[in-house]
Amino acid sequence: MAEAARDEVDRLVAAWRRERPDLDVQPLEVLSRVTRLARHLDRARRTAFAEHGLEPWEFDVLSALRRAGAPYQLSPGQLLTQTLVTSGTMTNRIDRLAARELVVRGPDPADRRGVLVRLTTAGRELADSALAGLLKNERELLAALPCGRLDELADLLRTLTLPFDAAQGE
């Protein structure tokens with residue numbers, strides 16, 4: 001492999017192979033790159049959200065509501081399931097988004113004790129514009145791969161994540 005085509009992971013793997021030839025360090029070739037890519041993705045996402053005045057957690061809640069489809073509402077329990085936070089954390093997040101007039105709480109017509117959280121028009125518009133910014137940044141991260149390879153990479157990553165998703169659903 002030419003030096004110009006080597007990345008930092010190639011260098012660290014070579015060093016481990018030199019120092020610990022008794023170990024199979026091949027997992028580092030994949031997972032160290034995934035870790036590095038995750039850091040770049042986190043920065044790109046934070047940048048996209050900050051450009052729209054959002055924190056990542058705010059986008060998570062708004063986008064869960066937006067994906068629900070009209071009338072863009074979910075119960076707090078459904079939001080918990082989609083965002084993987086505790087009940088107390090979700091209550092705090094809903095309060096903060098309501099204070100910004102991005103969501104409103106209302107009664108659940110199917111459950112007298114229940115509450116539904118609904119996206120406001122401002123919340124929907126903000127979620128939509130932040131998503132467009134996010135996708136622009138994510139396309140830039142993936143620009144080095146030809147389109148056909150993106151599908152291949154998505155399939156490979158799905159194979160890796162399915163067992164975790166299955167375990168989480170249990």
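Residues numbered from 1 in each chain as written. Predicted model: local features only at pLDDT ≥ 70, side-chain atom pairs only at ≥ 80, totals over all residues. Heavy atoms only, no water.

Within an unreviewed UniProt entry, the label attached to the chain reads MarR family transcriptional regulator, and the organism entered is Actinocrinis puniceicyclus.

A. Molecular detail of the nonpolar core. Leu54, Leu62, Leu65, Leu79, Leu97 and Val103 are the most contacted members of the largest nonpolar core, which has 23 residues in total. For this core, the secondary-structure elements that each account for two or more residues are helix H2 (26–50), helix H3 (56–67), helix H5 (87–99), strand S3 (111–119) and helix H6 (121–142). When residues in this core are grouped by element, the largest group, 6 residues, is from H3. If sequence neighbours within four positions are ignored, valine 103 has contacts with Leu62, Leu65, Ile94, Leu97, Ala98, Val117, Arg118, Leu119 and Thr120. (Core = buried A, V, L, I, M, F, W, Y, C linked by side-chain atoms within 4.5 Å. Buried < 20%, exposed > 50% of the residue type's maximum accessible area, 1.4 Å probe, protein only. Helix = DSSP H or I, 4+ residues; strand = E, 2+ residues; numbered from the N terminus. Contact = heavy atoms within 4.5 Å.)

B. View of the packing of aromatic side chains. Counted by the stated rule, this structure contains 1 aromatic pair. Ring centres 4.5 Å apart and planes at 25 degrees place the aromatic pair phenylalanine 49 and phenylalanine 59 in the stacked group. Taken as a pair, phenylalanine 49 in helix H2 and phenylalanine 59 in helix H3 lie far apart in primary sequence, 10 residues in all. With respect to class, phenylalanine 49 is no different from phenylalanine 59; both count as buried. (Phe/Tyr/Trp six-rings, centres within 6.5 Å; stacked < 30°, edge-to-face > 60°.)

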